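Observations on chain architecture
For reference, the chains in residue letters:
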Amino acid sequence: MTLDPGTAAALTRRLAVEQSTRRLPSVVAGIVRDGALVWSGAAGTLDGRADGPASSADTQYRIGSISKTFVAVEVLRLRDAGLLDLGDTIGTHLPEVPFGQITIAQLLTHTSGLQAETDGDWWERTEGGSWEQLLASGVGLRFTPGTAHHYSNVGYGVLGELVARLRGVPWTEAVQTGILDPLGMTRTSMRPVPPAAPGLAVHPFADLVHVEPEHDGISMSPAGQIWSTVDDLAVWAGFLAGRTGDVLSAGTLTEMLRPVAINDVPRSAWGGAHALGWQTWNVDGRRYAGHGGSMPGFLANLRVDLETGDGVVLMTNATSGLGTGTVDLLELLREREPVPPVPWHADASQGAALDLVGTWFWGTYAFTLSLAADGGLSLGEPGQGRGARFRADGDGWVGLEGYYRGEPLVAERDGSGRPVRLVLASFVFTRTPYDPVAEVPGGIDPAGWH
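Scope of this entry: the structure provided in the associated data block. (Residues numbered from 1 in each chain as written. Predicted model: local features only at pLDDT ≥ 70, side-chain atom pairs only at ≥ 80, totals over all residues. Heavy atoms only, no water.)

Scanning the chain from N- to C-terminus turns up ten helices and 20 strands. Principal-axis analysis of the C-alpha atoms gives the chain an extent of 85 × 60 × 45 Å. Taken across its 450 residues, the chain has 48% of its residues classed as buried. A separation threshold of at least 6 residues defines the contact pool for the chain, and within that pool the share at least 24 residues apart is 58%. As presented, the chain carries roughly 20,600 Å² of accessible surface, and 53% of it is formed by carbon and sulfur atoms. Positive and negative side-chain charges in the chain, numbering 32 and 50 respectively, have mean positions lying 4 Å apart. (Helix = DSSP H or I, 4+ residues; strand = E, 2+ residues; numbered from the N terminus. Buried < 20%, exposed > 50% of the residue type's maximum accessible area, 1.4 Å probe, protein only. Contact = heavy atoms within 4.5 Å. Areas by Shrake-Rupley, 256 points an atom, 1.4 Å probe, with all protein chains shown as cover. Lys, Arg positive; Asp, Glu negative; His and termini not counted. Charge placed at Lys NZ, Arg CZ, Asp CG, Glu CD.)

Structure below.
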């Protein structure tokens, strides 16, 4: 599809405003809809000079911590291949670490308690060291594992070594062959491949620029090594929106996007969290996922609206200064060209479970059960109280969210086949409050309602 010319012009102008007002040498962005790049734009010049070279959707920028999402996907691919469990302690696979009690899931969600940065020199601006050197530097815990969200670049260095150990190749090769090659991301690499933007810092009080160093992070490279383009990062946004191909199953992607650790900022209402390798945001009830990236000389953002699948990618070659452009571009798209609703249509297959719909009582609480278009069930109002959605699972269903996430629901029938009880996580729902024709745990007062 193509966007209306007026929408494209509005997006291009918003990007130009971002470059001008935030004093960015160059900035590039792209909008993704239905898994395809439908708009891209660039503003400024690569060296920050008025007559400098222009950027394009094929110019590489360092994407910083967005690199972590590739590492996380590879870890989940290892899990799906049966080579690890997310509940495994890292010491199970890397016995040499002095923090062997933390789990792989805690590393993915930044709840491991590991220190944020390495000891010694500022790793983002200096040549990296080996895995052995990283451990020898004395990295350790800052918090009790599992008790707090604490962003840890070191933790992703550990996950990179985990991938390398289990794949038998460097983490970079594992990501290349397992993710980048299958998705056709040919302009995504571990070091810059021309055309590539230079990393720059802009003086905060003068219109001057300073070149930032570029290097191989080696043991810390999983935390922020990767370079990419608008064209390629748009493919990754489409991946996040559900177009995972043969790289990852839909169920595993859903699992990766469940918020786990709240990013709690004092005196601020929380709206952000970390999932299994991805950041998630809850803005006025609208759920987003993606990740930000920051390395000396570069800033990057990737964000997808999980309801519509619309996504935005944005990159600049500046150490600081990026504003609200990422969110604003998505909002502009939504305001000017909202995603049309999915048309309703009848579904004859729902007739098989029609006798389940209607009112059920959990004690004296009334819940309405309805059939969903995806073959599942909705009990009550999902997201309110103990209302939840359920997906079909064999002869029953399993909860998708809230209190009943992962819990089984079974409809029990009498001798004539009529449903008389819903059993959910040991709770019993009946057609009337404490229905005398159904078996209710604890029994029913012989006097009945009186």
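From this point, the narrative continues.
A few words on the environment of Ala 275. Structurally, Ala 275 can be placed in the loop between strand E8 (272-274) and strand E9 (279-283). Sequence spacing of Ala 275 and Ala 261 is 14 residues, and the spatial spacing of their C-alpha atoms is 6.8 Å.

Taken N-terminus to C-terminus, the directions of helix H2 (residues 67-80) and helix H6 (residues 153-167) make an angle of 40°; their axes are 10 Å apart at the nearest point. The angle between H2 and H6 falls in the class oblique. Along this stretch, H2 crosses H6, giving a crossing that reads as left-handed. Residues Lys 68, Val 71, Ala 72, Glu 74, Val 75, Arg 77 and Leu 78 of H2 lie in contact with H6, whose contacting residues are Asn 153, Tyr 156, Leu 159, Gly 160, Val 163, Leu 166 and Arg 167. Among the residues making up the contact of H2 with H6, the classes are represented as eight nonpolar, two polar and four charged. (Axes fitted to C-alpha atoms, helices over the stretch in contact; angles between N-to-C directions. Parallel < 35°, antiparallel > 145°, perpendicular 65-115°, else oblique. Left-handed = near helix turned anticlockwise from the far one by under 90°. Nonpolar A, V, L, I, M, F, W, Y, C, P; charged D, E, K, R; others polar.)

The next subject is the pairing of strand E19 (residues 419-424). The buried fraction of E19 is high, at six of six residues. Of the pairings in the sheet, the one linking strand E18 (residues 408-413) to E19 comprises five bridges and is antiparallel in character. Within E19, the position partnered with Val 410 by the bridge is Val 423. Once E18 ends, the chain turns through five residues before running back antiparallel as E19, passing Gly 417 with a positive phi of about 90°. As consecutive antiparallel partners, E19 and strand E20 (residues 427-430) are separated by two residues, and within that stretch Ala 425 has a phi angle of approximately 55°, a positive value. (Pairing = 2+ DSSP bridges.)

Considering the arrangement of structural elements, one finds Asp 435 in the segment after E20. Notably, Asp 435 is buried but unbridged: the nearest opposite-charge side chain belongs to Arg 418, and the N-O separation is 5.5 Å. A polar contact of 3.1 Å, which involves the side chain of Asp 435, links it to the backbone nitrogen of Val 437. Apart from the residues lying within four places of it in its own chain, the contact partners of Asp 435 are Thr 430, Val 440 and Ile 444. (Salt bridge = Lys/Arg side-chain N within 4 Å of Asp/Glu carboxyl O. Polar contact = N/O pair within 3.5 Å; in protein donor to acceptor, adjacent residues only side chain to side chain.)

Here we come to the packing of aromatic side chains. Tallied over the entire structure, the rule returns eleven aromatic pairs. Look at Phe 367 and Phe 429: their rings are 5.6 Å apart centre to centre, the planes differ by 80°, and that puts the pair in the edge-to-face class. Residue Phe 367 is found in strand E14 (residues 365-371), and its partner Phe 429 is found in strand E20; the two are separated by 62 residues along the sequence. Residue Phe 367 shares its accessibility class with Phe 429, and that shared class is buried. Taken together, the aromatic side chains of Phe 70, Trp 236, Phe 239 and Trp 278 make up a single cluster linked through ring pairs. One cation-aromatic arrangement involves Lys 68 over Tyr 156; the distance from NZ or CZ to the ring centre is 5.9 Å. The ring centre of Tyr 403 lies 3.7 Å from the NZ or CZ of Arg 386, which sits over that ring. (Phe/Tyr/Trp six-rings, centres within 6.5 Å; stacked < 30°, edge-to-face > 60°. Lys NZ or Arg CZ within 6 Å of the ring centre and 35° of its normal.)

Take the nonpolar core next. Counting residues in each nonpolar core, the largest one holds 71 residues, and the members touching the most others are Phe 70, Ile 90, Leu 108, Trp 236 and Leu 302. Discounting residues that sit within four places of it in the chain, Leu 108 has contacts with Ala 72, Val 75, Leu 76, Leu 86, Tyr 156, Leu 159, Ala 275, Leu 276 and Gly 277. In this structure, Ala 10, Leu 24, Ala 43 and Leu 322 belong to the second largest nonpolar core, which totals 22 residues. (Core = buried A, V, L, I, M, F, W, Y, C linked by side-chain atoms within 4.5 Å.)

This next bit is on helix H8 (residues 230-240). Burial runs high along H8: nine of the eleven residues are buried. Among the residues making up H8, those that are buried are Val 230, Asp 232, Leu 233, Ala 234, Trp 236, Ala 237, Gly 238, Phe 239 and Leu 240. Once H8 ends, the next one or two residues include Gly 242, with phi positive near 125°.

On to the sheet that holds strand E2 (residues 36-44). Taken in spatial order, the eight strands of this open sheet run E2-E1-E12-E11-E10-E9-E8-E7, and their pairing is antiparallel. Strands with a single pairing partner mark the edges of an open sheet, and in this sheet they are E2 and strand E7 (261-262). Both strand E1 (residues 26-33) and E2 contribute to a ladder of eight bridges, which runs antiparallel. Residue pairing for E2: Ile 31 is matched across the bridge by Trp 39. Running at roughly 35° to E2, helix H1 (residues 5-21) makes contact with E1, E2 and strand E12 (311-316) of the sheet.

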